[in-house]
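# Observations on the three-dimensional arrangement
Listed below are the residues making up each chain.
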Amino acid sequence: MPPRPPPSRARNSRGINRRRRPRRRPDFPTPRGMARNKEGLVLLLDVGPTMHRALQEVKNVCTTLLRKKLVFHRSDEVGVVLFGTKETHNDLARELGGYKHVLVKHDIKVVDEETKDALENLPRGTAPGDFLDAIVVGLDMLIKRFGDTKAKQRLCLITDAQHLLRDPPQGTKEDQVDTIADQMKKHDIKMDCIVFRESGVQHNSVMDENDRLLYHFRDRSVAKVVQVDTPTALLGALKTRNVLPVTIFRGDLEVSSTFKIKVWAYKKTSEEKFPTLKKYSDKAPPSDQFASHEVKVDYEYKSILEPDTVVPPDQRIKGYLYGPQVVPISSAEWEAVKFKPEKGVKLLGFADRSSIPRSYFMKDVNSFVPEPGNTKAIVAVSALARAMQEMNKVAILRCVWRQNQANVAFGVLTPNISSVNNVPDSFYFNILPFAEDIRDFPFRSFSSLPPSSQPTEEQQEAADNLVKMLDLAPPGREEILRPDFTPNPMLERFYSYLDLKSKQPDANPPPLDSCLRRITEPDPDVINYRAPLIQNLGKSFELKENPKRKKARTQERLAYTDPDDQAKSSENNAEKATAADGQAKKPEDPYAEKARAIEVLFPSTEKVGKIGDVNPVKDFEAMLAERSSSIWVQKAIEEMKKYTTNLVQNSLQGDYYEKALECFVALRKACIIEQEPEEYNQFVTKLYERLKKVDDVVKFFQLLSSKNVLLICKEEAPDSDVTEEMARSFFMKTEISSE
């Protein structure tokens, strides 16, 4: 056991005096004040034997942190402390003794390239790491550096917490944690604890005790503790950029004219974007050290009638396109038509939570909290939130964050009941869309396809197994790629390349890091382990190359065929091949030949818009594909109904029944795809009722029944009111009536 400092020098076993802060070294400069948005940070890194496999990831996450500080917070100060090393080098070890195997790798200084170099070659420690000793050393460094100044100070601990901590000469380890937490509260120092343990590590009593001590820091409200089990999660566990919370609204939540609650609103989430890349000019001479290399852009407006004359600002006016016309609107007119609401947040009413789908949530999430220190506001928000939670309700708000704001926010307020004693209840606020913002995209259900196009049980089971294999949140296991711990691979790669370009201007982009590859690609271990399952999926389906087509979308959707259609197509192809060999062919319809001759002599000026006798099905599909207006599909269906009716009525002894059958099949498919089953069902029903007394027409309906061209039932189109039994019984009536 390493020796502890004598009791006369320190009231506790970690070298921190509870009554006074440690004496400042005379060679340290007087602490200077720091700006409100600057931070002092000490990285406490475990390099003990059990952390050797994760040292590269530890180095990556810390390097990423320093890269972003160089971009966003170049005045922040960072120090690096390693524990679990063979050697010992820290102030407390020299002044008080003890604190073995704790090495101050880099003193607290403004972040620069030297700070990054301190992380390049992390030593592989040979001694067990005592994270409490490391915390005390880092705490002592911050206190000596910043003293009582109101600077943002933070410790960041990365460890696996697998080693047994040494027992104190007096008191318990929990007492030591209390002592350290008191000093952290006194100097307003926070700590982030990241515990990295891979999934195969077996828990023991030592780990349980260490976890309990770390969570005791959290219970004292001085630390945040997260546990991760993958290198990718470790990369995203450390928040590399802290954003100062700024209120977007401070005022009253107006429930009624006599009931108002003081609230503050913050942004809960916000999109992290790429840093602005400014224009750079290399026109300045290299010898000019003070050149800013800024590029200034000036715009000149010139008249079309007088291209050489510059139009002054007082003669310009904004124009807005309204169709092909440009409508000039002056700034005075624009100000007059602006909607200028009064600042405030008003409660419009309550609604069931189930009536607001999450797909309606827009933009960022805001957080409504009661005004800090206002007991009445805290109680009112808590009572309202808990009542809404119990009744499963949400509130609808009208929000105007600032006076004369150009737009009004309309959103939903969801209760957020706190599970921590010293944190009050609050609300989450999400923007809801107006009617103009909603986009409905109806998609055809696979159940509307004919039975021949439905997956078999074997195919469905193979697809289910694939989904289960790639499930990122399997039952009984922790979710993989959790949003809180998954970094943006594009941003990480950008900052890595930016750092490389700062050292090597001509460097090419490096290969993708293995941690980022796990985010952008499936896990290769899972793919290799479940290779037979993936092969079984390929065997269950007939895989074909999908050639590029120039047909319209509707034509592509109409291209599916059932087995009966495929057989018919094969027969037609065989007939064509026989005709090509000079064998006998079925005589062509004379009416079709006459129609073709008329079209050759008098070609139509319209490409589509009517159904001709030569190829009516092709003309019908072309009309569906045109879609030049919202009523074009309905027009195509109506034209096909008229043409088919004429074929059935004017058929002499069934001459046109085959062509009419093809038209019925095409019309039926189109009505299924376009979700218009009633159009087809009513058409067939009315046609039969009108022509059921004609013997030849009844034979045509018997032909439809034999070819299984039935009414469209619910199994094929959910919008249909016809059951499968009703569809089959309809054609049975035609057979009975013919008898």
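Here the structure is shown first, and the text comes after it.
To keep things clear, this report deals only with the structure shown in the data block.

Conventions used here
- Residues numbered from 1 in each chain as written.
- Predicted model: local features only at pLDDT ≥ 70, side-chain atom pairs only at ≥ 80, totals over all residues.
- Heavy atoms only, no water.
- Helix = DSSP H or I, 4+ residues; strand = E, 2+ residues; numbered from the N terminus.
- Buried < 20%, exposed > 50% of the residue type's maximum accessible area, 1.4 Å probe, protein only.
- Contact = heavy atoms within 4.5 Å.
- Areas by Shrake-Rupley, 256 points an atom, 1.4 Å probe, with all protein chains shown as cover.
- Pairing = 2+ DSSP bridges.
- Axes fitted to C-alpha atoms, helices over the stretch in contact; angles between N-to-C directions.
- 1 Å grid on protein atoms, 1.4 Å probe; cavity = no way out; pocket = protein on both sides within 12 Å on 5 of 7 lines; lining within 4 Å.
- Points joined across faces, edges and corners; volume = space filled by probe spheres on them.
- Salt bridge = Lys/Arg side-chain N within 4 Å of Asp/Glu carboxyl O.
- Phe/Tyr/Trp six-rings, centres within 6.5 Å; stacked < 30°, edge-to-face > 60°.
- Right-handed = clockwise from strand over helix to strand, strands pointing away.
- Expected span 1.5 Å × (residues − 1).
- Polar contact = N/O pair within 3.5 Å; in protein donor to acceptor, adjacent residues only side chain to side chain.
- Core = buried A, V, L, I, M, F, W, Y, C linked by side-chain atoms within 4.5 Å.
- Parallel < 35°, antiparallel > 145°, perpendicular 65-115°, else oblique.
- Left-handed = near helix turned anticlockwise from the far one by under 90°.
- Nonpolar A, V, L, I, M, F, W, Y, C, P; charged D, E, K, R; others polar.

### Concerning the overall build of the protein chain
When you go through the protein chain residue by residue, the secondary structure sums to 23 helices and 15 strands. Counting every position in the protein chain, which comprises 739 residues, the buried fraction comes to 38%. Within the protein chain, contacts between residues at least 6 apart in sequence are counted, and of these 71% link residues at least 24 apart. Looking at the protein chain as shown, the accessible area adds up to about 45,400 Å², and 52% of this sits on carbon and sulfur atoms.

### A word on the sheet that holds strand β1 (residues 39-46)
Spatially, the 6 strands line up as an open sheet ordered β3-β2-β1-β4-β5-β6, and their pairing is mixed. Looking at the sheet topology across the chains shown, the edges are occupied by β3 (102-110) and β6 (223-228). If you compare each strand with its neighbour and ignore which way they point, the axes differ by 10° on average. Where strand β4 (residues 152-159) meets strand β5 (residues 189-196), 7 bridges bridge the pair, whose relative direction is parallel. Opposite L155, over in β5, you have M191 as the bridge partner. Running over the sheet, helix α1 (residues 55-72) touches β1, β2 (77-83) and β4 and is turned about 170° from β1.

### What to know about empty space enclosed by the protein
On inspection of all chains with the given rule, the structure shows 1 cavity of 30 Å³ or more. As a volume, the largest cavity reaches approximately 50 Å³. D192, C193, I194, K224, V226, A237, L238 and K239 together form the lining of the largest cavity. At the level of elements, β5 and β6 are the ones that each hand at least two residues to the lining of the largest cavity. Among the elements that line the lining of the largest cavity, the one with the most residues is β5, at 3 residues.

### As for the pattern of salt bridges
For side chains of opposite charge, pairing can occur when their charged atoms come near one another. Under the criterion given, the structure shown has 35 salt bridges. For the salt bridge of E198 with R53, the shortest nitrogen-to-oxygen distance reads 3.3 Å. Linking E198 in the loop between β5 and α6 (205-219) with R53 in the loop between β1 and α1, this pair joins segments that are 145 residues apart in sequence. Residue classification places R53 among the exposed positions, given a relative accessible area of 69%. Measuring nitrogen to oxygen at the nearest pair gives 3.8 Å for the salt bridge that ties E120 to K59. Here E120, found in the loop between α3 (113-117) and α4 (131-146), pairs with K59, found in helix α1; they are 61 residues apart in sequence, far enough to count as distant. For E120, a relative accessible area of 35% gives the class partly exposed. Each of the salt bridges in this network shares a partner with another, and the network as a whole consists of E39, K69, D76, R154 and D192.

### Points about the packing of aromatic side chains
Each aromatic ring pair is described using two quantities: the centre-to-centre distance and the angle formed by the ring planes. Counted according to the given criterion, the structure contains 15 aromatic pairs. When the centroid spacing of 5.0 Å and the interplanar angle of 50° are considered together, the rings of Y657 and F700 count as tilted. One end of the pair, Y657, is in helix α20 (residues 657-673); the other, F700, is in helix α22 (residues 695-706), with 43 residues separating them in the sequence. F700 shares its class with Y657; the two are buried. Members of the aromatic cluster, connected to one another through ring pairs, are Y657, F664, Y680, F683, Y688, F700 and F701.

### Digging into the pairing of β5
Counting buried positions along β5 gives 7 out of 8 residues, so the element sits mostly inside the fold. Traced from β4 through helix α5 (residues 173-186) to β5, the parallel crossover comes out right-handed. As paired elements, β5 and β6 share 6 bridges and run parallel to each other. Residue C193 lies in a different strand from β6, and its bridge partner there is V225. Crossover connection from β5 via α6 to parallel β6: handedness right-handed.

### Examining helix α11 (residues 489-503)
The terminal C-alpha atoms of α11 lie 22 Å apart, and with 15 residues this matches the ideal 21 Å at 1.5 Å per residue to within 8%. Among the residues making up α11, those that are buried are P489, L491, E492, F494, Y495 and D499. Against the buried residues of α11 lie α1, α3 and α12 (514-520). You can read the cap of α11 off the contacts: a side-chain oxygen lies 3.0 Å from the backbone nitrogen of M490, and it is on N488.

### Notes on the nonpolar core
With 43 residues, the main nonpolar core has F620, F664, L667, Y680, V684 and F700 as its most contacted residues. For this core, the elements supplying multiple residues, two or more each, are α18 (616-626), α19 (632-649), α20, α21 (677-691), α22 and α23 (724-738). With 10 residues, α20 is the largest single contributor of residues to this core. Grouped together as the second largest cluster of nonpolar side chains are 39 residues, V137, I143, A181 and L213 included.

### What to know about unusual backbone geometry
With phi around 50°, A161 is a residue other than glycine that occupies positive phi space. By secondary structure assignment, the location of A161 is in the loop between β4 and α5.

### Here's the deal with the side chain of Q405
As for its placement among the helices and strands, Q405 is situated in the loop between β13 (393-400) and β14 (409-416). With a relative accessible area of 5%, Q405 lands in the buried category. Among residues more than four places away in sequence, those in contact with Q405 are F339, P341, C399 and V400.

### Focus on the packing of helix α10 (residues 457-469) against helix α14 (residues 531-540)
Contact geometry of α10 with α14 gives a least axis separation of 9 Å together with a crossing angle of 150°. Classified by the angle their axes make, α10 and α14 are roughly antiparallel. Between α10 and α14 the crossing geometry is left-handed. Listed contacts from α14 to E458, Q459, A462, A463, N465, L466 and M469 of α10 are L533, I534, L537 and S540. By residue class, the composition of the contact of α10 with α14 is 7 nonpolar, 3 polar and 1 charged.

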